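Given next are the chains, with one letter for each unit.
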Amino acid sequence: MTECNMPMSTLSNWLDRDDGQPLGRAEKGLAQHIDSCPECSRKIASLTRLHTLALTSLEQNISEQKQDSSWIDSLLNNLAFEAKAGRSIPLASPQEGIRLTQTEGAVVAAARAVADQLEGVIIGRCRLEGEVQNWGAPIRVSLTVSTVEGLPIPSLIHKLRESLAKEFARISELNITAIDITVQDLLGRHQEV
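Residues numbered from 1 in each chain as written. Predicted model: local features only at pLDDT ≥ 70, side-chain atom pairs only at ≥ 80, totals over all residues. Heavy atoms only, no water.

Enquirer: What exactly am I supposed to notice about the overall build of the chain here?
Expert: Of regular secondary structure, the chain possesses five helices and five strands. Taken from N to C terminus, the helices and strands of the chain fall in the order α-α-α-β-β-α-β-β-α-β. Burial analysis of the chain (193 residues in total) assigns 32% to the buried set. Here the contacts in the chain between residues at least 6 apart in sequence split such that 63% fall between residues at least 24 apart. Summed over its atoms, the accessible surface of the chain is roughly 12400 Å², and 53% of this surface lies on carbon and sulfur atoms. (Helix = DSSP H or I, 4+ residues; strand = E, 2+ residues; numbered from the N terminus. Buried < 20%, exposed > 50% of the residue type's maximum accessible area, 1.4 Å probe, protein only. Contact = heavy atoms within 4.5 Å. Areas by Shrake-Rupley, 256 points an atom, 1.4 Å probe, with all protein chains shown as cover.)

Enquirer: In this structure, what is going on with the sheet that holds strand 4 (residues 138-148)? I would like to understand it.
Expert: Strand pairing within a sheet occurs via backbone hydrogen bonds; the two strands may be parallel or antiparallel. Taken in spatial order, the three strands of this open sheet run 3-4-5, and their pairing is mixed. The open sheet has two edge strands, strand 3 (121-129) and strand 5 (175-187), and neither has a second partner. Strand-to-strand twist of the sheet, defined as the mean angle between neighbouring strand axes without regard to direction, takes the value 15 degrees. Pairing of strand 4 with strand 5 involves 11 bridges; the strand directions are parallel. From the neighbouring strand, Ser 142 faces strand 5, where its bridge partner is Asp 180. (Pairing = 2+ DSSP bridges. Axes fitted to C-alpha atoms, helices over the stretch in contact; angles between N-to-C directions.)

Enquirer: Explain the packing of helix 1 (residues 8-15) against helix 2 (residues 25-36) to me, please; I cannot follow it from the model alone.
Expert: How two helices sit against one another is set out by the angle between their axes and by the gap between those axes. Running from N to C, helix 1 and helix 2 point in directions that differ by 110 degrees, and their axes come no closer than 12 Å. Accordingly, the angle class assigned to the pair helix 1 and helix 2 is roughly perpendicular. Listed contacts from helix 2 to Thr 10, Leu 11 and Trp 14 of helix 1 are Glu 27, Leu 30, Ala 31 and Ile 34. Its residues placed into classes, the contact of helix 1 with helix 2 shows five nonpolar, one polar and one charged. (Parallel < 35°, antiparallel > 145°, perpendicular 65-115°, else oblique. Nonpolar A, V, L, I, M, F, W, Y, C, P; charged D, E, K, R; others polar.)

Enquirer: Got a minute to help me understand helix 5 (residues 153-171) in this structure?
Expert: Since the α-helix advances by 3.6 residues per turn, residues separated by three or four positions end up pointing in the same direction. Taking 1.5 Å of rise per residue, 19 residues should cover 27 Å, and helix 5 covers 27 Å from first to last C-alpha, within 8% of that figure. Packing partners of the buried residues in helix 5 comprise helix 4 (104-116), strand 3, strand 4 and strand 5. (Expected span 1.5 Å × (residues − 1).)

Enquirer: When you look at empty space enclosed by the protein in this model, what are you seeing that I'm missing?
Expert: Empty space among the atoms becomes apparent when a probe as large as a water molecule is rolled across them. A complete count under the given rule lists one cavity of 30 Å³ or more for this structure. Each pocket or cavity is described by its volume, and for the largest cavity that value is around 50 Å³. In terms of lining residues, the largest cavity is bounded by Ile 89, Pro 90, Glu 131, Val 132, Asn 134, Trp 135, Gly 136, Ala 137, Ile 139, Glu 173, Leu 174 and Asn 175. For the lining of the largest cavity, the per-class residue count stands at seven nonpolar, three polar and two charged. (1 Å grid on protein atoms, 1.4 Å probe; cavity = no way out; pocket = protein on both sides within 12 Å on 5 of 7 lines; lining within 4 Å. Points joined across faces, edges and corners; volume = space filled by probe spheres on them.)

Enquirer: Explanation requested: the pattern of salt bridges in the structure shown.
Expert: Should their charged atoms come close, side chains of opposite charge can pair. In this structure the tally under the stated criterion is three salt bridges. Ionic pairing is found between Arg 140 and Asp 180, a salt bridge with its closest N-O pair at 2.7 Å. Of the two residues, Arg 140 sits in strand 4 while Asp 180 sits in strand 5, which places them 40 residues apart along the sequence. Note that Glu 167 and Arg 170 form a salt bridge whose closest N and O atoms lie 2.8 Å from each other. Of this pair, Glu 167 and Arg 170 both sit in helix 5, three residues apart, which is roughly one turn of that helix. Judged by its relative accessible area of 17%, Glu 167 falls in the buried class. (Salt bridge = Lys/Arg side-chain N within 4 Å of Asp/Glu carboxyl O.)

Below you can see the structure in the form of structure tokens.
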């Protein structure tokens, strides 16, 4: 039995042909060769399995990307909402007759900046709950976050909460009574932003 020297590229092209077209003379000869050559038949079977596996993998990746895009859509929606200035937060004035305020959007932006300093955490939504317009009123900060899978979530959230408390004390005069953090999603390493 002799070894067949049919190039893999020829066999691959044979698989990629348009089945709806009639076979020409050369293609009929190739078809007869493939049917009678055990080595080419084996190679065609292997190429067919590889082709099927690649298509299945591609379809699965596309499906996963469609499902995984919801976290980015939510993030973008929240960024658009938070880009607005929001409510005015009063600040203590050094002089009578001067009214100082900061915007809710500035406080939320500061929270996002803190999260950007931590590896593996992304803030999805950040809301200041309470009467921020009333100086000294109790305020709860409510955040949703996504983290990268494989990281120690409890210690990461503890570090985020501590960092946020320090930053809020530095940039605002809000009476923050709680910082509630909900982990809403675990991202694969390939999704990290």
